[in-house]
Amino acid sequence: MKYILVTGGVISGVGKGVIASSFGTLLKSCGLHVTSIKIDPYINIDAGTFSPYEHGEVYVLDDGAEVDLDLGNYERFLDITLHRDNNITTGKIYRLVIDKERKGDYLGKTVQVVPHITDAIQEWVEGVAQTPVQGTSKPQVCIIELGGTIGDIEGMPFVEAFRQFQFRVKRENFALAHVSLVPLPKATGEPKTKPTQSSVRELRGCGLSPDLIVCRSEKPIGLEVKEKISNFCHVEPAQVICIHDLNSIYHVPLLMEQNGVIEYLNDRLQLNIDMTKRAKCLQHWRDLARRTETVRREIKIAIVGKYTKFTDSYASVVKAIQHAALAVNRKPNIIFIESCLLEQETLLREPSNYHKEWQKICESDGILVPGGFGSRGMEGKIRACQWARENNKPYLGICLGLQAAVIEFARNKLNLPDVNSTEIKADAANPLVIDMPEHHQGQMGGTMRLGKRTTVFTDKTSVIRQLYGNPKTVEERHRHRYEVNPKYVSQLEEHGMIFVGTDVDKTRMEIIELRNHPYFVATQYHPEYLSRPLKPSPPFLGLILAAEGRLQQYIDKGCRLSPRQLSDASSDEEETICIKMEKLKTLDSHKKPMNGLTNGNGCSASDSTSDSELAGACGGSNAAGDAAA
């Protein structure tokens, strides 16, 4: 087993997660089996009780573990399935050691940070590194990201553990990459290396010497700066890798490859990579990165959320939108809208902000309402659902977004009084959304309906089922405490809200659709967690296609993207001509005279197509969407 430890210096949030994921991407592209571990030095057992403003979104794994969003990066980059033990926290380690002490496993010895805590860390890492994350193949390389920065007091036990670990597994099996910031002060106009020098000096003082120094900067760094870092940090210039701010994170593995990272790791860790096949290693990443640069046509998606001040709160949702948009050669313009500002109270208190946010809604091509907890901003989400429903605007609701859609529909179509969720109003006369049996009052951590669960499709006609490929069931990840009250399902369906997916017991409602709407879909599960750069999530793909007015065309083609859609983006004019020619060929192949008469185009009167229909087929705007705007 080979280990690559990724540490950070100067500041947190410098990009260790993407760098660690990129190491894995490079090695996996060379045919190696890779796994990842994220270490978070906080004392929490997991990330489940965090506010999104603390560390961003809470990412959920197949086994129900609530973990740091960096594990989402690992899964998306490497297309692997991680487990709860791939996320190590100080809380988990200390709980493990204290439980052992209570059982008497330490035979009456004094339990200390060294050796007991450090030994527990090393044993955990070695055990998890052997666990398959893709099929049954045993990993060959383990990428370990140590959260925080070198020098943080809470991270010192982990630093000491890896100081010992490098000797435990031998030098040829352990490499260390240190990610550091190289600032570019406007006052001087030149990059400063002192912060990196100090960070590496502190790391070396802890007994760890970096094999690679990854310098993060706003702009590309010159050779002179690399040589200076090399000179003062005791590494060769080739071991200093500069990663400047890029338009897309998909360029990061390519830039690292250009800097010779594969060759260095192959030699340093004795990986025995066949370098003659290296040219084909990252072809799909090159195609993906090129597409992000060449796509021209923009599509606006409004995310109506509660935590929009910190965009990492919706990291997986944003990535899923990007994956779906790129799949059809569209550049996503994601507009964050604070749901509180859509409420009637805001009109009285802040009329300017109220109208600005509603203008953003009106100008968007599609609306997405993601998950969340609590009463704040709920009425704003409900009003966004109503606007999307009444104005035929493509809509995707996730978790709380489904609950908001159901409450809105019951209020305005069923005309029921006092409709609400028991999370918002416990004594509501018509509780359309109720708390779940799995939720344990009084204890918050790990008590929700979590992890991958099976959703069973009903026999009803369903757009979302077609987007998935018409399976009988689908497995997606969940994270929620509340669900639609089954008592109201029949009333809702009578008025046009169809429940097309349930759990295996048919008691929990998983998916809703509205009839006679371009695209109004909501899921109780979180489809964003399983979206991948080259395999976009079907609900998100449906939203993007509906926003473009191309959903029906996609379904008619058997839910397959044409080679043109998968290739590099072309100009709007070229795409219009292509679609128009396809339409004319179809019309020409169906010529059949009626009573011996044909229209001016040579088509029979029954086959003739109006100018507006042809305009729609040629990439024109969705008529329903135009009316809504």
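The preceding data block contains the structure.
Since the structure is predicted, the reported quantities are computational estimates derived from the model, not experimental observations.

## Notes on the overall build of the protein chain
Logical step 1: In terms of regular secondary structure, the protein chain is built from 24 helices and 21 strands.
Logical step 2: Taking all 629 residues of the protein chain together, the buried fraction comes to 54%.
Logical step 3: Here the contacts in the protein chain between residues at least 6 apart in sequence split such that 72% fall between residues at least 24 apart.
Logical step 4: For the protein chain, the accessible area works out to roughly 27300 Å², and carbon and sulfur atoms hold 50% of it.

## With respect to the sheet that holds strand β9 (residues 240-244)
Logical step 1: Judged by pairing direction, the sheet is parallel, and its seven strands sit side by side in the order β5-β2-β6-β1-β7-β8-β9 without closing on themselves. Whereas interior strands pair on both sides, the edge strands pair on one side only; in this sheet they are β5 (87-89) and β9. Strand-to-strand twist in this sheet, taken as the mean axis angle between neighbours without regard to direction, amounts to 20 degrees.
Logical step 2: Here six bridges tie strand β2 (residues 34-40) to strand β6 (residues 141-146), and the two strands are oriented parallel to one another. Within β6, the position partnered with lysine 38 by the bridge is glutamate 145.
Logical step 3: Running at roughly 170 degrees to β2, helix α3 (residues 70-78) makes contact with β2, β5 and β6 of the sheet.
Logical step 4: Lying over the sheet, helix α8 (residues 223-233) contacts β8 (212-217) and β9, oriented at roughly 135 degrees with respect to β9.

## What about the sheet that holds strand β14 (residues 419-421)?
As a general point, the strands of a sheet are linked pairwise by backbone hydrogen bonds and lie either parallel or antiparallel.
Logical step 1: The three strands are arranged β14-β15-β18 in an open sheet whose pairing can be described as mixed. Only two strands of the sheet have a single partner each, and these edge strands are β14 and β18 (482-484). Going across the sheet, the axis of each strand differs from the next one's by a mean of 25 degrees, ignoring polarity.
Logical step 2: Sheet topology places β14 next to strand β15 (residues 430-435); three bridges connect them, and they run parallel. When the bridges of β15 are listed, valine 419 appears paired with asparagine 430.
Logical step 3: Those strands touched by helix α16 (residues 400-412) are β14, β15 and β18, and its axis lies near 165 degrees from that of β14.

## Concerning the side chain of glutamate 338
Logical step 1: Mapped onto the elements, glutamate 338 comes out in strand β11 (residues 331-338).
Logical step 2: A residue is classified by how much of its surface remains accessible, and glutamate 338, at 11% relative accessible area, is buried.
Logical step 3: A polar contact of 3.0 Å, which involves the side chain of glutamate 338, links it to the side chain of arginine 376.
Logical step 4: Look past the residues within four positions of glutamate 338 in its chain and what remains in contact with it is Gly305, Lys306, Thr308, Lys309, Glu357 and Arg376.

## Looking at unusual backbone geometry
Logical step 1: The peptide bond linking valine 114 to proline 115 adopts the cis configuration, its omega dihedral lying at 20 degrees.
Logical step 2: If you trace the backbone, proline 115 turns up in helix α5 (residues 113-129).
Logical step 3: For asparagine 329, which is not a glycine, the phi torsion comes out positive at approximately 55 degrees.
Logical step 4: Exposure remark for asparagine 329: the relative accessible area of 7% places this residue in the buried category.
Logical step 5: Residue asparagine 470 is not a glycine yet carries a positive backbone phi of 60 degrees.
Logical step 6: The topology assignment puts asparagine 470 in the loop between α17 (463-468) and β17 (473-480).

## What to know about α5
Logical step 1: Taking 1.5 Å as the rise per residue, α5 with 17 residues should run 24 Å; its terminal C-alpha atoms sit 23 Å apart, in good agreement.
Logical step 2: Those residues of α5 that sit buried are His116, Ile117, Thr118, Ala120, Ile121, Gln122, Trp124, Val125, Val128 and Ala129.
Logical step 3: The elements touched by buried residues of α5 are β1 (2-9), β2, β5, α4 (90-103), β6 and α6 (156-168).

## A word on the nonpolar core
A general trend in soluble globular proteins is that nonpolar side chains are found buried together.
Logical step 1: By size, the foremost hydrophobic cluster in this structure holds 51 residues, and its most contacted members are Phe23, Leu27, Ile143 and Leu265.
Logical step 2: Take this core: its biggest share by element is six residues, from helix α1 (residues 16-29).
Logical step 3: By size, the runner-up hydrophobic cluster in this structure holds 42 residues, among which are Trp387, Tyr395, Ala410 and Tyr488.

## Digging into the packing of aromatic side chains
Logical step 1: In the structure shown here, the tally under the stated rule is 14 aromatic pairs.
Logical step 2: Between tyrosine 250 and tryptophan 285, the aromatic rings sit 5.5 Å apart at their centres with planes inclined by 50 degrees, giving tilted as the arrangement. With a gap of 35 residues between them, tyrosine 250 in the loop between β9 and α9 (252-258) and tryptophan 285 in helix α11 (residues 283-294) connect regions that are remote in the sequence. Considered together, tyrosine 250 and tryptophan 285 belong to a single accessibility category, that of buried residues.
Logical step 3: The structure contains a cluster of three or more aromatic residues connected by ring pairs, namely Tyr3, Phe162, Phe165 and Phe174.
Logical step 4: Above the ring of phenylalanine 232, the side-chain terminus of lysine 194 is found at 6.0 Å from the ring centroid.

Rules behind the numbers
- Residues numbered from 1 in each chain as written.
- Predicted model: local features only at pLDDT ≥ 70, side-chain atom pairs only at ≥ 80, totals over all residues.
- Heavy atoms only, no water.
- Helix = DSSP H or I, 4+ residues; strand = E, 2+ residues; numbered from the N terminus.
- Buried < 20%, exposed > 50% of the residue type's maximum accessible area, 1.4 Å probe, protein only.
- Contact = heavy atoms within 4.5 Å.
- Areas by Shrake-Rupley, 256 points an atom, 1.4 Å probe, with all protein chains shown as cover.
- Pairing = 2+ DSSP bridges.
- Axes fitted to C-alpha atoms, helices over the stretch in contact; angles between N-to-C directions.
- Polar contact = N/O pair within 3.5 Å; in protein donor to acceptor, adjacent residues only side chain to side chain.
- Expected span 1.5 Å × (residues − 1).
- Core = buried A, V, L, I, M, F, W, Y, C linked by side-chain atoms within 4.5 Å.
- Phe/Tyr/Trp six-rings, centres within 6.5 Å; stacked < 30°, edge-to-face > 60°.
- Lys NZ or Arg CZ within 6 Å of the ring centre and 35° of its normal.

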